[in-house]
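Given next are the chains, with one letter for each unit.
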Amino acid sequence: MMSGSDLEQPDAVEFQSEEEEEQEERRVTDPPSPPPFTLSGPDTSHPFYDVARHGILQVSGDDGYGRKLIVFSSCCLPPSHQLNHQRLLEYLKFTLDQYVEMDYILVYFHHGLSSSNKPSLRWLQEAYRQFDRKYKKNLKTLYVVHPTNFIRIVWNIFKPVISHKFGKKLKYVNHLAELQRHLNDQLLLVPPDVLRHDEKLRAAQNARPLPSLKEPPPRPPLPMQQFAVSLQYIREKNQAAIIPLVMRQTVTYLKENGLRTEGIFRRSVHVQLIKDIQKLYNLGKPVNFNVYDDNVHVAAVVLKIFLRELPEPLLTFQVYDQVQDLLRVETSLRVTRCKQLVQSLPENHFIVAKYLLAFLHMVSLESIFNRMNSSNLAYVFGVYLVRPRHSSFSLSALTPVNIFTEILIEHFHTVFGSCCPPGQETP
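The following paragraphs examine the structure supplied in this document. (Residues numbered from 1 in each chain as written. Predicted model: local features only at pLDDT ≥ 70, side-chain atom pairs only at ≥ 80, totals over all residues. Heavy atoms only, no water.)

### Some thoughts on the overall build of the chain
Inference 1: Per the secondary structure count, the chain includes 20 helices and five strands.
Inference 2: Per-residue burial over the chain gives 51% buried out of 427 residues.
Inference 3: Taking the contacts inside the chain whose residues are at least 6 apart along the sequence as the reference set, 80% of them involve residues at least 24 apart.
Inference 4: By element, 51% of the accessible surface of the chain is carried by carbon and sulfur atoms, the whole surface being about 21100 Å². (Helix = DSSP H or I, 4+ residues; strand = E, 2+ residues; numbered from the N terminus. Buried < 20%, exposed > 50% of the residue type's maximum accessible area, 1.4 Å probe, protein only. Contact = heavy atoms within 4.5 Å. Areas by Shrake-Rupley, 256 points an atom, 1.4 Å probe, with all protein chains shown as cover.)

### Digging into the environment of M362
Inference 1: Structurally, M362 can be placed in helix 16 (residues 347–365).
Inference 2: With a relative accessible area of 23%, M362 lands in the partly exposed category.
Inference 3: As a C-alpha pair, M362 and N373 span eleven residues in sequence and 9.9 Å in three-dimensional space.
Inference 4: Leave out the neighbours within four places in its chain, and M362 touches K255, L259 and P427.

### Brief notes about the packing of helix 3 (residues 85–96) against helix 4 (residues 121–130)
Inference 1: Across the interface, helix 3 lies against helix 4 with an axial gap of 11 Å and an inter-helix angle of 25°. Taken together, the axes of helix 3 and helix 4 lie roughly parallel to each other. Crossing geometry of helix 3 relative to helix 4 is assigned as right-handed. For the pair formed by helix 3 and helix 4, the contact residues are H85, Q86, L88, L89, L92 and K93 on the first element and W123, E126, A127 and Q130 on the second.
Inference 2: Tallied by class, residues from the contact of helix 3 with helix 4 come to five nonpolar, three polar and two charged. (Axes fitted to C-alpha atoms, helices over the stretch in contact; angles between N-to-C directions. Parallel < 35°, antiparallel > 145°, perpendicular 65-115°, else oblique. Left-handed = near helix turned anticlockwise from the far one by under 90°. Nonpolar A, V, L, I, M, F, W, Y, C, P; charged D, E, K, R; others polar.)

### A few points about the pattern of salt bridges
Inference 1: Tallying each qualifying case throughout the model produces ten salt bridges.
Inference 2: Of the charged contacts in the structure, one is a salt bridge between E366 and R260, with a shortest N-O distance of 3.1 Å. Of this pair, E366 sits in the loop between helix 16 and helix 17 (367–370) while R260 sits in the loop between helix 11 (245–257) and helix 12 (271–282), and the two are 106 residues apart along the sequence.
Inference 3: The partner of E309 in a salt bridge is R308, and the shortest N-O contact between them spans 3.3 Å. (Salt bridge = Lys/Arg side-chain N within 4 Å of Asp/Glu carboxyl O.)

### Thoughts on unusual backbone geometry
Inference 1: The backbone of F265 shows a phi angle near 75°, a positive value even though the residue is not glycine.
Inference 2: Mapped onto the secondary structure, F265 falls in the loop between helix 11 and helix 12.
Inference 3: According to the relative accessible area criterion, F265 is buried, its value standing at 1%.
Inference 4: Residues other than glycine seldom take positive phi values, yet R371 does so here, at roughly 65°.
Inference 5: Structurally, R371 is set in the loop between helix 17 and helix 18 (374–385).
Inference 6: For R371, a relative accessible area of 53% gives the class exposed.

### Topic: the environment of A397
Inference 1: Locating A397 in the fold gives a position in helix 19 (residues 395–410).
Inference 2: In this structure the C-alpha to C-alpha distance between A397 and V383, which are 14 residues apart in sequence, comes to 10.0 Å.
Inference 3: Excluding anything up to four places from it in sequence, A397 contacts Y320 and Q324.

### Some remarks on the nonpolar core
Inference 1: In terms of nonpolar packing, the biggest core is built from 75 residues, with M247, F265, F289, L307 and F404 touching the most fellow members.
Inference 2: If one sorts the elements of this core by residue count, helix 16 sits on top with eleven residues.
Inference 3: Not counting residues up to four positions away in its chain, the partners in contact with M247 are L303, F306, L307, V352, Y355 and L356. (Core = buried A, V, L, I, M, F, W, Y, C linked by side-chain atoms within 4.5 Å.)

### Comments concerning the packing of helix 13 (residues 295–308) against helix 18
Two quantities define a packed helix pair, namely the angle between the helix axes and the distance between the axes.
Inference 1: The N-to-C vectors of helix 13 and helix 18 enclose an angle of 30°; their axes lie 8 Å apart at closest approach. One way to sum up the angle between helix 13 and helix 18 is to call them roughly parallel. The two elements helix 13 and helix 18 cross, and the hand of that crossing is left-handed. Counting all contacts with helix 13, which are made through K304, L307 and R308, the residues of helix 18 involved are V380, F381, Y384 and L385.
Inference 2: Considered class by class, the residues forming the contact of helix 13 with helix 18 number five nonpolar, no polar and two charged.

### Re helix 18
Inference 1: Across its twelve residues, helix 18 extends only 14 Å between first and last C-alpha, which sits more than 12% below the 16 Å expected from 1.5 Å per residue.
Inference 2: Most of helix 18 is tucked away, with nine of its twelve residues classed as buried.
Inference 3: Taken together, the buried positions of helix 18 are S374, L377, A378, V380, F381, G382, V383, Y384 and L385.
Inference 4: N-capping of helix 18 is provided by N373, with a side-chain oxygen placed 3.2 Å from the backbone N of S375. (Expected span 1.5 Å × (residues − 1). Polar contact = N/O pair within 3.5 Å; in protein donor to acceptor, adjacent residues only side chain to side chain.)

### Overview of a positive patch on the surface
Inference 1: A cluster of basic side chains, namely R133, K137, K165 and K168, defines a positive patch on the protein surface.
Inference 2: Mapped onto the secondary structure, K165 falls in helix 7 (residues 164–167).
Inference 3: Classification of K165 by relative accessible area gives exposed; the value is 65%. (Patch = residues over 30% accessible without salt bridge, like charges linked within 9 Å, V, L, I, M, F, W, Y side chains within 5 Å. Lys, Arg positive; Asp, Glu negative; His and termini not counted. Charge placed at Lys NZ, Arg CZ, Asp CG, Glu CD.)

### With respect to helix 13
Inference 1: Taking 1.5 Å of rise per residue, the 14 residues of helix 13 would be expected to cover 20 Å, and the 20 Å separating its terminal C-alpha atoms lies within 8% of that figure.
Inference 2: Counting buried positions over the 14 residues of helix 13 gives 13, a clear majority of the element.

### So, the packing of aromatic side chains
Inference 1: On inspection of all chains with the given rule, the structure shows eleven aromatic pairs.
Inference 2: Feature note: the residues F48, Y91 and F94 constitute an aromatic cluster, connected by ring pairs.
Inference 3: Here the basic side chain of K136 rests over the ring of Y128, its NZ or CZ set 3.6 Å away from the ring centre. (Phe/Tyr/Trp six-rings, centres within 6.5 Å; stacked < 30°, edge-to-face > 60°. Lys NZ or Arg CZ within 6 Å of the ring centre and 35° of its normal.)

Laid out in structure tokens, this is it:
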């Protein structure tokens, strides 16, 4: 362990290094920063409302395999005299305790940390000590975005007491585009300050494109492929079956075996197992979920992966912009508006969407057992059903998407009931 004197001396180095970086950044004038960002403000009854209200920590859905993406944003840290750092540590543990029994990923946005708001090295040492194996064993990767000299100094100081296994989980990421590559363009909650900082870094490099990853040219899809192909392709290659085989089998299995499983759609499973199942489906081979441990959760993740990998989301790109306007619609008229949007879908997408949403409505009716009401289901599925065509989700875009999805689930019979095109099936 390090002594107190060991900590005090590097602390001075750290401040000097960070001050130099701040001066360098001030050469380019940033626009005034907006208030701290939050997806939706925490309830005042939250046990850590005094910390949570700053939006320092955000849980931004999962990566499709059920692994939670947890984002820590330094730019949301208030000045040190306005924040009790012991409370911050307790809040971090309180939040992580809800997810550490499953695989999860941490994304740390370093931009915005300065001499006025950063915790002391002694606090960092205490945090590393308290985040014991319980927190580290299921952490898959810690992404440090926009690292600076401060990060490298701290890493060198703590390196003697950091396990080799934990050290291998750390990845430095210099640009957001690189981060999106690592996370396969999954949902990220990126603060506006971080977006501006990333743009500034790119501009300082004269907008040189980042080195592209060497990827093999795309292969043509297999004749029986189910994942990462369009609904139209699946229909043409599967004897005109409208409901894709993956959806039919996972929904049927979950309906018969998982409706009352607590935490359905919230648990993670081994990534390699899911890839093996995808391969079986794509080769047209049978899949029996009963042979797998955690079979209900395996089927649930497979369904989410299928939706995530559709080239066009189930509710189409066209609906996305109209969903973003949903907050401008009076609350009493939103169900009617959602019905109009759904009925504008192409017939193929409508039939599959009605099949899926009927099942999710069934799941919500068992929420007293599975803890997945329509709101929780919307939080999980919204980002798979509706997404923008050319960009990642912005923070503000999530709220209308989740509201839209919640309405489809909770008011399923009102939204879908009166329309039943030829070929419509029910789960």
